[in-house]
Amino acid sequence: RYYWDATLRIPKADFQEVLHDDRAALAWLLALRQVGIVHLQGAPAEQGQVARLAERIGYLRLTFYGHTWQVQDKSMANNVAYTSGKLSLHTDYPALHFAPGVQFLHCINQAEEGGESEVVDGFHMAEQLQREDPEAFQMLTSLRVDFTDSGTDYCDFMLQSKNCIIDVDSEGKVTKINYNNATRDSVLDLPLHQVQPFYRALKAYVDIMNRPENVVTYTMEPGDMVTFDNWRLLHGRKSYISKPDRLRHLEGAYLDWDEVMSRLRILRRNVHGDV
C-alpha cells in the first residue's frame with residue numbers, strides 16, 4: 001500500500017472504460033487497493049450508476065440503508081449525512097461487527113455552495129500516532145469500545161458492537177479503522193482507570209487526522225464517482241447550502257473486500273495470465 005497525506009493527487013479513471021475494458025478495470029482496482037481511493041469521471045448524472053459499477057465486480061452489500069442509498073436533505077433525518085451540516089471525518093458502520101469494505105459515492109447534483117469532500121489516510125495517521133505517541137496507539141489497538149445505531153430506513157435496526165478504534169493483526173500491522181463519533185456510544189464500558197487514558201489517546205489520533213497537512217479536500221461535480229476503502233480512509237464533508245433548483249444529491253453503495261479482491265484476481269489473470 002502507498003500511504004499519503006495532503007499532497008496526494010487522487011488517482012483518476014474513466015467510468016465507461018472501467019465498465020467495458022478489463023485493463024482499465026484492473027488498473028482501477030489495483031489503485032483502489034494500493035492508494036485507497038480512486039476518482040472515476042464520466043458517469044451519467046442519474047441514479048443507478050453505482051449499481052452498474054458494482055456489477056463489474058459482483059454484487060452490492062445490502063445494509064440497513066438498502067442496496068443503494070441517497071445522500072440528500074431529508075426531513076426527520078435519521079443520519080447526519082441526510083442534513084446539510086458538516087460531517088466530521090469517520091468510517092461508515094463501525095456499529096457493525098463486519099463493516100463494509102468499499103464505498104462508492106456518485107455525484108448526481110452538487111450544492112449551490114459548500115459540500116466539499118474531505119479524506120484522510122487512516123493507516124498513515126495510525127502510523128504517525130504509533131511513532132509520536134506509542135502509549136496512545138497501544139490504547140486504541142487494545143481497548144474495545146461500544147458503537148450503537150438505531151432507526152428506520154430500509155428496515156428497522158438497532159445495532160451494537162464493540163470495536164477497537166484501530167485494528168491490528170498478529171504482527172501488529174494496522175488492518176482496519178473503526179471510528180465514527182456520531183455512533184460511538186455515550187456509555188464507555190471501560191474500567192475507571194482506563195477512561196481518561198482512552199479519551200486522551202482518542203484525542204491524539206483525532207488531532208493527527210485534522211492536521212491540514214494530512215487532509216485531502218476535493219469537490220465532486222455531477223457525473224463524478226469516488227470509490228474508496230472504508231476500512232482505511234476516514235471521510236467527511238463540509239457544510240453546504242442548497243437551493244430548490246439545485247439540491248445536493250449523491251447516491252452511495254457498499255461492497256465487501258472479498259468480492260473486490262476476487263474480481264481483481266480474475267482481471268489480473270485475464271489481462272496478464274497470472275494470479
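Our structure is the block above this text.
Residues numbered from 1 in each chain as written. Predicted model: local features only at pLDDT ≥ 70, side-chain atom pairs only at ≥ 80, totals over all residues. Heavy atoms only, no water.

Chemist: Account for the packing of helix 2 (residues 22-35) against helix 7 (residues 257-272), naming residues and giving values.
Modeler: Contact pair helix 2 / helix 7: the axes reach a minimum separation of 9 Å and the direction vectors enclose 135 degrees. Compared by their axis directions, helix 2 and helix 7 come out oblique. The handedness of the crossing between helix 2 and helix 7 is left-handed. Within the contact between the two elements, helix 2 uses Asp22, Arg23, Ala25, Leu26, Leu29, Leu30, Leu32 and Arg33 and helix 7 uses Trp257, Val260, Met261, Arg263, Leu264, Leu267, Arg268, Asn270, Val271 and His272. Across the contact of helix 2 with helix 7, the residue classes break down as 11 nonpolar, two polar and five charged. (Axes fitted to C-alpha atoms, helices over the stretch in contact; angles between N-to-C directions. Helix = DSSP H or I, 4+ residues; strand = E, 2+ residues; numbered from the N terminus. Parallel < 35°, antiparallel > 145°, perpendicular 65-115°, else oblique. Left-handed = near helix turned anticlockwise from the far one by under 90°. Contact = heavy atoms within 4.5 Å. Nonpolar A, V, L, I, M, F, W, Y, C, P; charged D, E, K, R; others polar.)

Chemist: Quick one: what's the story with the nonpolar core, residue by residue and with numbers?
Modeler: Ile37, Ile165, Ile166 and Tyr205 are the most contacted members of the largest nonpolar core, which has 85 residues in total. Among the elements that make up this core, the one with the highest residue count is helix 6 (residues 192-209) (eight residues). If we ignore the near neighbours within four places in the chain, the residues touching Ile165 are Leu140, Leu143, Val145, Phe147, Lys176, Ile177, Asn178, Tyr179, Phe198, Leu202 and Tyr205. (Core = buried A, V, L, I, M, F, W, Y, C linked by side-chain atoms within 4.5 Å. Buried < 20%, exposed > 50% of the residue type's maximum accessible area, 1.4 Å probe, protein only.)

Chemist: Could you give me a rundown of the environment of Asp92, with the residues and numbers involved?
Modeler: Inspection of the secondary structure assignment puts Asp92 in the loop between strand 4 (87-90) and strand 5 (102-109). Accessibility expressed as a relative area gives 11% for Asp92, which makes it buried. For the pair Asp92 and Ser239, spaced 147 residues apart in sequence, the C-alpha to C-alpha distance is 18 Å. Among the polar contacts listed, one links the side chain of Asp92 to the side chain of Tyr254, at a separation of 2.6 Å. (Polar contact = N/O pair within 3.5 Å; in protein donor to acceptor, adjacent residues only side chain to side chain.)

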